[in-house]
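# Observations on chain architecture
Listed below, chain by chain, are the residues.
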Amino acid sequence: MDFKLKLLIEELKSQGIEDKLVLKALEEIPRKLFVPKNLREEAYENHPLHIGHNQTISQPYTTAFMLQNLKLNNNDIVLEIGTGSGWSTALTAYICEKIYSIETIPELSKTAKENIKKTKLKNIKIITGDGSKGLKKYSPYDKIIVNAACSQVPNILISQLKNNGILICPVGNLYEQSLLKIVKEKNNIKTYNLGGFIFVPLVSEEYGF
Ligand code: SAH
């Protein structure tokens, strides 16, 4: 394993990332493949990097923390809003059965597809469009992950979750959000606040900025 990647994984472990499947995915899906060529040297540093179009590939800790809280397993059908570079898509795909990922910027979904081709993963479908209303066609999902800041909880996504499904989404204002974990139980919606983070804004009339 790349020495810098090894150091990054040690750092993530010390920050509380302990899910074996997430750690294995981080080892097997090199972030290097998902950052622009001129930033490859920084690929294993624990901070976000610019990927063009005013967007970033998330900080490794943030991605690992979100995936750990999704409690992913190999039967999961997952919906992701905000593909970006495709890195978190590929990490998720390494663990789950199938992932549908929606990206609004066509150039980014094209690059994400090219990045993903470099892995051997075949269980990913990237869709270009507005993901803020989810994707009814393949619903319900076991897990839904939103990679951009929402102005309010996107209830429409909760309606596309299976029973006992989990939605992770950052909700707040443009400058800071609380990362929420929402668990859908039969007649009950449970919400847990996982702490403060900063995400790029979701582009959406109803749930974004
Ligand atoms: N986790 C990603 C980074 C995602 S950045 C990675 O590892 O690379 C958030 C992404 O959400 C951006 O690419 C942005 O274009 C996209 N986005 C914002 N609003 C969206 C919407 N309504 N539907 C789909 N994608 C959206």
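This text goes with the structure placed above it.
The notes below deal with the structure included here. (Residues numbered from 1 in each chain as written. Predicted model: local features only at pLDDT ≥ 70, side-chain atom pairs only at ≥ 80, totals over all residues. Heavy atoms only, no water.)

### Description of the layout of surface pockets
- Here the largest pocket defines a volume of roughly 660 Å³.
- Together, 36 residues line the largest pocket, and Gln55, Thr56, Asn147, Ala148 and Val200 are the ones closest to its centre.
- Listed by contribution, the elements that provide at least two residues to the lining of the largest pocket are β2 (55-57), α3 (60-70), α4 (87-95) and β4 (98-103).
- Per-element accounting of the lining of the largest pocket gives the leading share, 3 residues, to β2.
- Class assignment of the residues belonging to the lining of the largest pocket gives a composition of 15 nonpolar, 19 polar and 2 charged.
- The calculated volume of the second largest pocket comes to roughly 150 Å³.
- Lys113, Ile116, Lys117, Thr119, Leu121, Lys122, Ile124 and Ile126 together form the lining of the second largest pocket.
- Among the secondary structure elements, those contributing two or more residues to the lining of the second largest pocket are α5 (106-117) and β5 (124-128).
- Residue composition of the lining of the second largest pocket, grouped by class: 4 nonpolar, 1 polar and 3 charged. (1 Å grid on protein atoms, 1.4 Å probe; cavity = no way out; pocket = protein on both sides within 12 Å on 5 of 7 lines; lining within 4 Å. Points joined across faces, edges and corners; volume = space filled by probe spheres on them. Helix = DSSP H or I, 4+ residues; strand = E, 2+ residues; numbered from the N terminus. Nonpolar A, V, L, I, M, F, W, Y, C, P; charged D, E, K, R; others polar.)

### A few points about the pattern of salt bridges
- Enumeration over the complete set of coordinates arrives at 8 salt bridges.
- Notably, a salt bridge pairs lysine 32 with aspartate 2, separated by 3.8 Å at the nearest N-O pair. Here lysine 32, found in the loop between α2 (20-28) and β1 (49-52), pairs with aspartate 2, found in the segment before α1 (3-14); they are 30 residues apart in sequence, far enough to count as distant.
- Across the pair lysine 190 and glutamate 185 runs a salt bridge whose closest N-O atoms are separated by 3.6 Å.
- On the basis of relative accessible area, lysine 190 is assigned to the partly exposed category, the value being 32%. (Salt bridge = Lys/Arg side-chain N within 4 Å of Asp/Glu carboxyl O. Buried < 20%, exposed > 50% of the residue type's maximum accessible area, 1.4 Å probe, protein only.)

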